[in-house]
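Chains, contacts and geometry: an overview
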Amino acid sequence: YGCSRDGTVFRVCPSASSHARVTPCGGGAVLCLAARGSAAAAGCEDGTVRIYGCAGGEAAGPLPAPSAVPTAGGSVLSLAWTEDGAVWAGCADGTLRRLAPRAAAAA
């Protein structure tokens, strides 16, 4: 999976040298992405972490609508998943925030 400052999240298809399932996140630029199992967390410019369920492999169309978890800490600059399904978000205000989105538990 990949992300872009144009505000999209997408699946990378190396064999076809292209992107598939390009999906606008709706939170400004996507500054970071962390994948775990069939889920991907996108850190957005608006301070929200969006969790995408990525099951479905090569299916056509955009990724399913994400769960959105606000951080209240400015733009999200880095993300990391924990073993228990929580997400750590490093924010532009210098804070590190632990999020426990419901969608992460299913990953």
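Predicted model only: the values in this text are computed from it and were never measured. (Residues numbered from 1 in each chain as written. Predicted model: local features only at pLDDT ≥ 70, side-chain atom pairs only at ≥ 80, totals over all residues. Heavy atoms only, no water.)

Some details on the nonpolar core
Within the largest apolar cluster, 14 residues are counted, with the highest numbers of intra-cluster contacts made by Ala41, Val49, Ile51, Val76, Leu79, Trp81 and Ala89. At the level of elements, strand S4 (30–36), strand S5 (39–44), strand S6 (48–53), strand S8 (76–81) and strand S9 (87–91) are the ones that each hand at least two residues to this core. Beyond its immediate sequence surroundings of up to four residues, alanine 41 is in contact with Cys32, Leu33, Ala34, Val49, Arg50, Ile51, Leu79 and Trp81. The next biggest cluster of nonpolar side chains, apart from the first, holds six residues, and it includes Val9, Val30, Ala42 and Cys44. (Core = buried A, V, L, I, M, F, W, Y, C linked by side-chain atoms within 4.5 Å. Buried < 20%, exposed > 50% of the residue type's maximum accessible area, 1.4 Å probe, protein only. Helix = DSSP H or I, 4+ residues; strand = E, 2+ residues; numbered from the N terminus. Contact = heavy atoms within 4.5 Å.)

Structural notes on the sheet that holds S4
If you trace the four strands from one edge of the open sheet to the other, you get S4-S5-S6-S7, paired in antiparallel fashion. Across the chains shown, the open sheet's two edge strands, defined by having one partner strand only, are S4 and strand S7 (67–70). If you compare each strand with its neighbour and ignore which way they point, the axes differ by 20 degrees on average. Where S4 meets S5, six bridges bridge the pair, whose relative direction is antiparallel. Along S5, the bridge assignment pairs alanine 35 with alanine 40. (Pairing = 2+ DSSP bridges. Axes fitted to C-alpha atoms, helices over the stretch in contact; angles between N-to-C directions.)

Observations concerning the sheet that holds strand S10 (residues 96–99)
Reading across from one edge, S8-S9-S10 is the order of the three strands in this open sheet, with antiparallel pairing throughout. Only two strands of the sheet have a single neighbouring strand rather than two, namely S8 and S10. This sheet shows a mean twist of 25 degrees between the axes of neighbouring strands, independent of strand direction.

Comments concerning the pattern of salt bridges
With the rule as written, the count across this model stands at three salt bridges. Note that aspartate 84 is salt-bridged to arginine 98, the shortest N-O span being 2.6 Å. In this pair, aspartate 84 is assigned in the loop between S8 and S9 and arginine 98 in strand S10, connecting sequence segments 14 residues apart. For arginine 98, a relative accessible area of 44% puts it in the partly exposed group. Between arginine 97 and aspartate 93 there is a salt bridge, with the nearest N and O atoms lying 3.4 Å from each other. Relative accessible area serves as the criterion here: at 24%, arginine 97 is assigned to the partly exposed category. (Salt bridge = Lys/Arg side-chain N within 4 Å of Asp/Glu carboxyl O.)

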